[in-house]
Structures are given as C-alpha cells and as structure tokens.
Amino acid sequence: MTGPQQRPTGAERPTGAERPTGAEQATGPEQLSGPEQAGGVERPVGPEQAAGSEQAGGSEPLGGVRRSGLRNPDKAVRGLGAGTMSLEALVLLLAIQPIRVVGGDLSGAAIGAIVALAVACVVLAGMMRRPWAWHAGTVIQGLLLLSGLLHWSLFALGVMFALVWAYALHVRRVILG
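Residues numbered from 1 in each chain as written. Predicted model: local features only at pLDDT ≥ 70, side-chain atom pairs only at ≥ 80, totals over all residues. Heavy atoms only, no water.

## With respect to the overall build of the chain
- Across its full length, the chain holds 6 helices and 0 strands.
- Going from N to C terminus, the chain has its helices and strands arranged as α-α-α-α-α-α.
- Within the chain, the fraction of its 177 residues that count as buried is 25%.
- Sequence-distant contacts in the chain: of pairs separated by 6 or more residues, those separated by 24 or more amount to 62%.
- Summed over its atoms, the accessible surface of the chain is roughly 11600 Å², and 61% of this surface lies on carbon and sulfur atoms. (Helix = DSSP H or I, 4+ residues; strand = E, 2+ residues; numbered from the N terminus. Buried < 20%, exposed > 50% of the residue type's maximum accessible area, 1.4 Å probe, protein only. Contact = heavy atoms within 4.5 Å. Areas by Shrake-Rupley, 256 points an atom, 1.4 Å probe, with all protein chains shown as cover.)

See the structure below:
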C-alpha cells in the first residue's frame, strides 16, 4: 500500500493463501477496509475518506455543523412534504363515498370542500421547493379542521392529518436545522 488511507488494488490484495491470520493481521489504522473486513462486501472510498477528514470517522463533524447523513437533505425533506400532501389528497378523495354511506348526510358544500382541499394538497405537493409551501400546508391542515363544521368526520380526518403534518414539520426542523 502507498499510504494508510488507500486500499490495495486487485493485484496488490492478498489471496486466500496469502492473507495474514492471527497475530499477523494489522490492527492499526492501516488495517484493510475491503472485502476482508467487510465480509466480502466492497465499500467505495469517498473523497472525504480518502482525504482523511474528521467527518469520515472522527468524533466531530466537518466545520462543526451537524449533518444528517443524507446525500441531499433538502430533497429528502421536500419528498416527505410532497408525500404527506399527496397522501392527504388521496385519502380525502377516497373518503367521500364512505362518509356519504356510513356517516349520514354529506352536503354538497362538504363534498366541494373535500375536493377543493384535495386539489390544494396536490398543488402543494408539487410546490414543496418553495419555502412558503410549508406554511400553506399548515393552513390546509387548519382548513381541514374547520371543515369539521360541515361534517364531524372531516374534523376527525383533520386531526389525524394535522398530527402527521406536525411530525413532518418536526422531521424537517431536525434534518435541516
């Protein structure tokens, strides 16, 4: 090996008979991190590991900023928000018929409110890149709770999705800081 951070290439790696055993194995930082240690699974070496940065294995992250471990935390959080809004739209639309059959009288205003909220959820799911979309999602949860005045089951759906949205906001705050 040319350095403690580099792994040997295929030609330099010891074969089965040449592998060190017992006391011959390296125990320091020069120990192999290839298939011999990882149970036959090849792990790629990233640029931060090759450079020996603190983030690769140190106790403190690079630059003192706590990282989430995600490749693109912004994109992950946007996906969470979009998924939550899409799921809410789907549940709202699928809830119309069971509410009409089981819940009793569902007025035209209640059906209109459900459809309008579902359309707003779909639009917001596509707009999660905009910072105001998160605030608009919170407003939609409040509107769904208010639509409980039209039918009690809409209030129940509003409580459930308000809790889900609160959790999504919590995850966003934890990941993005």
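## Quick notes on the packing of helix H3 (residues 73-102) against helix H5 (residues 132-146)
- The geometry of H3 relative to H5 is characterised by a closest axis approach of 12 Å and an angle of 25° between their N-to-C directions. Taken together, H3 and H5 sit at an angle that is classed as roughly parallel. The handedness of the crossing between H3 and H5 comes out as left-handed. Contacts from Val-77, Arg-78, Gly-81, Met-85, Glu-88 and Leu-92 of H3 reach H5 at Trp-134, Gly-137, Ile-140, Gln-141 and Leu-144.
- Across the contact of H3 with H5, the residue classes tally to 6 nonpolar, 3 polar and 2 charged. (Axes fitted to C-alpha atoms, helices over the stretch in contact; angles between N-to-C directions. Parallel < 35°, antiparallel > 145°, perpendicular 65-115°, else oblique. Left-handed = near helix turned anticlockwise from the far one by under 90°. Nonpolar A, V, L, I, M, F, W, Y, C, P; charged D, E, K, R; others polar.)

## Concerning the environment of Gly-104
- Summarising the element assignment, Gly-104 is placed in the loop between H3 and helix H4 (108-126).
- A relative accessible area of 38% means that Gly-104 is categorised as partly exposed.
- As a C-alpha pair, Gly-104 and His-151 span 47 residues in sequence and 9.3 Å in three-dimensional space.

## Remarks on a nonpolar patch on the surface
- Taken together, Leu-93, Val-115, Val-119 and Val-123 make up a surface patch of nonpolar side chains, about 320 Å² in accessible area.
- No other element matches H4, which puts 3 residues into the nonpolar patch.
- Examined against the element boundaries, Val-115 turns out to sit in helix H4.
- A relative accessible area of 36% means that Val-115 is categorised as partly exposed. (Patch = residues over 30% accessible without salt bridge, like charges linked within 9 Å, V, L, I, M, F, W, Y side chains within 5 Å. Salt bridge = Lys/Arg side-chain N within 4 Å of Asp/Glu carboxyl O.)

## Details of the confidence of the model for the chain
- Per-chain confidence: the chain averages 76 in pLDDT, with 62% of residues scoring 70 or above.
- Looking across the chain, the model is least confident in helix H2 (residues 54-57), with a mean pLDDT of 44, and most confident in H5, with 95.
- Note that residues 28-38 has pLDDT below 50 and, in this model, 18 contacts with residues that lie over four places away or in other chains.
- Low pLDDT, under 50, characterises residues 46-60; the predicted model gives this stretch 12 contacts beyond four residues in sequence or across chains. (pLDDT = per-residue confidence, 0-100.)

## Side note on the packing of H3 against helix H6 (residues 152-176)
- Between H3 and H6, the shortest axis-to-axis distance is 10 Å and the interhelical angle comes to 175°. Accordingly, the angle class assigned to the pair H3 and H6 is roughly antiparallel.
- The class makeup of the residues in the contact of H3 with H6 is 18 nonpolar, 3 polar and 3 charged.

## Some details on the side chain of Glu-88
- Following the sequence through the fold, Glu-88 ends up in helix H3.
- Among buried charged residues, Glu-88 stands out as having no salt bridge; its nearest opposite-charge side chain is Arg-172, 15 Å away.
- Not counting chain neighbours up to four residues away, the residues in contact with Glu-88 comprise Cys-121, Ile-140, Gln-141, Leu-144 and Phe-161. (Lys, Arg positive; Asp, Glu negative; His and termini not counted.)

## What to know about the side chain of Gln-141
- In this structure, Gln-141 sits in helix H5.
- If near-sequence neighbours (up to four positions away) are discounted, Gln-141 is found in contact with Met-85, Glu-88, Phe-161, Ala-162 and Trp-165.

## Quick look at the nonpolar core
- Met-85, Leu-92, Leu-124, Met-128, Leu-154 and Leu-157 are the most contacted members of the largest nonpolar core, which totals 25 residues.
- Once you skip the residues sitting within four places of it in the chain, Leu-154 turns out to touch Ile-99, Ala-110, Ile-114, Leu-144, Ser-147 and Gly-148. (Core = buried A, V, L, I, M, F, W, Y, C linked by side-chain atoms within 4.5 Å.)

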